[in-house]
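Here are the chains, one letter per residue:
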Amino acid sequence: MASTPGILTDWPWKQLGNYKHVLLAPCVIHSVHELARKGGDGDLTILSIFLLFIWRVIHAQIWISLSRYQTAKGKNRIIDKSLEFEQVDRERNWDDQILLTTIIYYLVNRNLKAASYVPLWRLDGAIIMALVHAGPVEFLYYWFHRALHHHYLYSRYHSHHHSSIVTEPITSVIHPFAEIFAYFILFSIPQLVSLFTGTLSIGAVLLYVTYIDFMNYMGHCNFEIVPKQLFSLLPPLKHLMYTPSFHSLHHTQFRTNYSLFMPFYDYIYGTMDIASDSLHKKSLERQEETPDVVHLTHLTTPQSVYHLNFGFASIASWPLASKWYLWTMWPITVLSMMLTWIYGRTFIVELNSFKKLKLQSWAIPRYTIHYSLRWQREAVNNLIQQAIQEADDKGVKVLSLGLLNKANELNRNGELYIQKHPELKLKIVDGSSLAVALVLNSIPKGATQVLFRGKLTKVAYGIAFSLCRKGIQVAASKEEEYEKLKIALGTKHKSNLIFSKCCSQKIWLVGEGLTEDEQLKALKGTAFIPFSQFPPKKLRKNCIYLDPPAMVAPSSFENLHTCENWLPRRVISAWRVAGIVHALEGWNVHECGDTMLQIDKVWQATLRHGFHPLPTPLLV
């Protein structure tokens, strides 16, 4: 929102929210009916309008994905400042301008005879549009843009766009309604000239609109993509084509580099930033980031691919949940699963920084289901092993294992890799100590009994041992789990372990494998506290469900603009935090296999670095 919003700031369909696209329904239905009625004599122009809408959405998403992936790698990045949730929310309606253009095109086609039955291609029309854009449009935009930086217009309109210092491709189209409408009129000039000279064609319009989008998105990327050699081979091109670093200076300096796509007028009127060339060179020379800490995770559900940092920004900025409309995209979902299977290499998901540490999250290109298949274990282990070796070669200090990458049946909580590669310089952390500490601190003081249910893990055994040592009774409702706990606890603390088919305990510590029937047996007001990274399905409205072990990140934890799986905003899993704290403290030991660090020591170190647990609701 602009600092002092002016008239026509809000979009007409703001109240419709995510249902704004229903505005296209009457247009589509009417057009399909007309084409069906007229058959081969139908107007293909109207069909091209809706195909253009689809293409523009796909084109924008391609740039979003490319930009976020490239920025996470760090190569050729321009600005090091942080991208936060506030900016993601402000830019979530990037498709408003595409919707507006489509509606106006449709209305013009239906009401202006010259805009119907337009030929597929005319070269003379395309040339006219290119010349009109390079001349009047670029000139008018330059002065209009300078006017928008006058205090009156800037505070009411253009400041909304400049709220984003670290730009993304879609930042280019984030403006108040009145400003976008003015741009639409400006970019309509070449099309109107072509229309009224009788040279308009479908192909020329598609190319022109794609050119506008391409240059807009490219110019707002936070990485340099235009090679220096291009300007060396064709020096005049420097005045006809801007670069991401050129426009980035406009967003940081505000009073320079006003041009649309052609810096020609900045040269003429003396508004070109003197740092344009040096920043372009510096950005191109910048190498890929070498992280200090890597968190190794993996894909979960088939739809989780859309929740990645470089997936759908509006989805990734909220906790992972199944969306009905994503089911309509099943062909793309299946294709993405096939590609991740074929690609077979770990990929970078996210880049963060905290207290002079560079942090990256990497993902194994496999889904949760693959970890449950015995015949896939060797392949998954090889991928994890390759990721560890790659991280070690890059000089990574600590690698934390997330989700099922540390499963006991897969690699014995990471111990397998230490045995295979004793020469590793990096430290492998499974995060068990911090996960145990978080669960213990989620249990209210005064509790005397808890019930364990679900797959027993290293974390579960650590929790049970700590509780029994404190004199809290630990109950197991399944005989197999009871026997395993009994062996793990030994004779010293087994007096506090009981086998109980009764489900009267008000605190349940749950892991994977908790069934719906078991949840229904719990008393009203029971608190389900997960010790696994996977949350239980919330079936009971009269019970309390806590999030899996996780912590709220400090405000100085930068570039955190996506949610980690199903966790809330700015909350990261205990296993990921553990790796960060391990590096900050400089602990020169692995935490994997049966090794567990001192729980109190890890807990105090984590709090000291500014991480704090989620607010815990009243349990009993």
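Our subject is the structure listed above.
Computed from a predicted model, the values in this text were never measured in an experiment.

Here is what the cut-offs are and how they apply
Residues numbered from 1 in each chain as written. Predicted model: local features only at pLDDT ≥ 70, side-chain atom pairs only at ≥ 80, totals over all residues. Heavy atoms only, no water. Disulfide = S-S within 2.5 Å. Buried < 20%, exposed > 50% of the residue type's maximum accessible area, 1.4 Å probe, protein only. Phe/Tyr/Trp six-rings, centres within 6.5 Å; stacked < 30°, edge-to-face > 60°. Helix = DSSP H or I, 4+ residues; strand = E, 2+ residues; numbered from the N terminus. Lys NZ or Arg CZ within 6 Å of the ring centre and 35° of its normal. Axes fitted to C-alpha atoms, helices over the stretch in contact; angles between N-to-C directions. Parallel < 35°, antiparallel > 145°, perpendicular 65-115°, else oblique. Left-handed = near helix turned anticlockwise from the far one by under 90°. Contact = heavy atoms within 4.5 Å. Pairing = 2+ DSSP bridges. 1 Å grid on protein atoms, 1.4 Å probe; cavity = no way out; pocket = protein on both sides within 12 Å on 5 of 7 lines; lining within 4 Å. Points joined across faces, edges and corners; volume = space filled by probe spheres on them. Nonpolar A, V, L, I, M, F, W, Y, C, P; charged D, E, K, R; others polar.

Trainee: Sorry if this is basic, but what is going on with the state of the cysteines here?
Mentor: Covalently bonding the sulfur atom of one cysteine to the sulfur atom of another cysteine gives a disulfide. Taken as a whole, this structure holds zero disulfides when the rule is applied. In this structure Cys 502 is a free cysteine whose sulfur lies 6.4 Å from that of Cys 503, the closest cysteine sulfur available. On the accessibility criterion, Cys 502 (42% relative accessible area) is partly exposed. For Cys 543, which is in no disulfide, the shortest distance to another cysteine sulfur is to Cys 503 and amounts to 11 Å.

Trainee: I tried to follow the packing of aromatic side chains on my own but got confused; where do I start?
Mentor: In this description, an aromatic ring pair is defined by two values, namely the gap between the centres and the angle between the planes. By the definition in use, this model includes 31 aromatic pairs. With a centroid separation of 5.4 Å and 75° between ring planes, the pair formed by Trp 508 and Phe 528 is classed as edge-to-face. Taken together, the residues Trp 508 in strand E9 (residues 507-510) and Phe 528 in strand E10 (residues 527-530) connect sequence positions 20 residues apart. Each member of the pair Trp 508 and Phe 528 is classed as buried. A network of ring pairs unites the aromatic residues Phe 139, Tyr 142, Trp 143, Tyr 258, Phe 264, Tyr 265 and Tyr 269 as a single cluster. Lying over the aromatic face of Tyr 152, Arg 156 brings its terminal NZ or CZ to 3.8 Å of the ring centre. Directly above the ring of Trp 318 sits Arg 569, whose terminal nitrogen or CZ lies 3.7 Å from the centroid.

Trainee: Mind showing me how you'd approach the packing of helix H10 (residues 244-253) against helix H12 (residues 276-285) here?
Mentor: A pair of packed helices is characterised by two quantities: the angle between their axes and the separation of those axes. H12 packs onto H10 with a crossing angle of 120° between their chain directions and a minimal axis gap of 8 Å. Classified by the interaxial angle, the pair formed by H10 and H12 is oblique. Read as a crossing pair, H10 and H12 show a hand that is right-handed. Of the residues in H12, those in contact with Ser 245, Phe 246 and Leu 249 of H10 are Ser 276, Leu 279, His 280 and Ser 283.

Trainee: How should the sheet that holds strand E3 (residues 357-364) be read in this particular structure?
Mentor: Backbone-to-backbone hydrogen bonds join strands into a sheet, with any given pair of strands oriented parallel or antiparallel. Strand order in the open sheet formed by five strands is E2-E3-E1-E4-E5, and the pairing between neighbours is mixed. The two strands at the open ends of the sheet, each matched to only one other strand, are strand E2 (347-354) and strand E5 (427-429). The sheet shows a mean angle of 20° between the axes of neighbouring strands, direction not considered. Sheet strands in contact with helix H2 (residues 44-73) are E2 and E3, and its direction is about 55° off that of E2. In the packing of helix H23 (residues 574-585) onto the sheet, contacts are made with strand E1 (293-298), E2, E3, strand E4 (398-401) and E5, and the angle to E4 comes to roughly 160°.

Trainee: What am I meant to see in the sheet that holds E10 here?
Mentor: Within the open sheet, the six strands sit side by side as E8-E7-E6-E9-E10-E11. Their pairing is parallel. The strands lining the two open edges of the sheet, one partner per strand, are strand E8 (497-499) and strand E11 (544-545). Each of strand E6 (449-453), strand E7 (473-476), E8 and E9 touches helix H20 (residues 458-469); the most contacted strand, E6, lies at about 165° to it.

Trainee: What exactly am I supposed to notice about empty space enclosed by the protein here?
Mentor: Empty space among the atoms becomes visible once a probe the size of a water molecule is rolled across them. For the coordinates displayed, the defined rule picks out five cavities of 30 Å³ or more. The calculated volume of the largest cavity comes to roughly 390 Å³. Lining the largest cavity we find 31 residues, and of these Gln 97, Tyr 183, Phe 187, Ile 212 and Asn 216 sit closest to its centre. When residues of the lining of the largest cavity are traced back to their parent elements, those giving at least two are helix H4 (96-111), helix H5 (123-148), helix H7 (177-196), helix H8 (202-219) and H10. Of all the elements, H7 adds the most residues to the lining of the largest cavity, at six residues. Here the lining of the largest cavity is built from residues that sort into 14 nonpolar, 15 polar and two charged. Taken as a whole, the second largest cavity holds about 260 Å³ of empty space.

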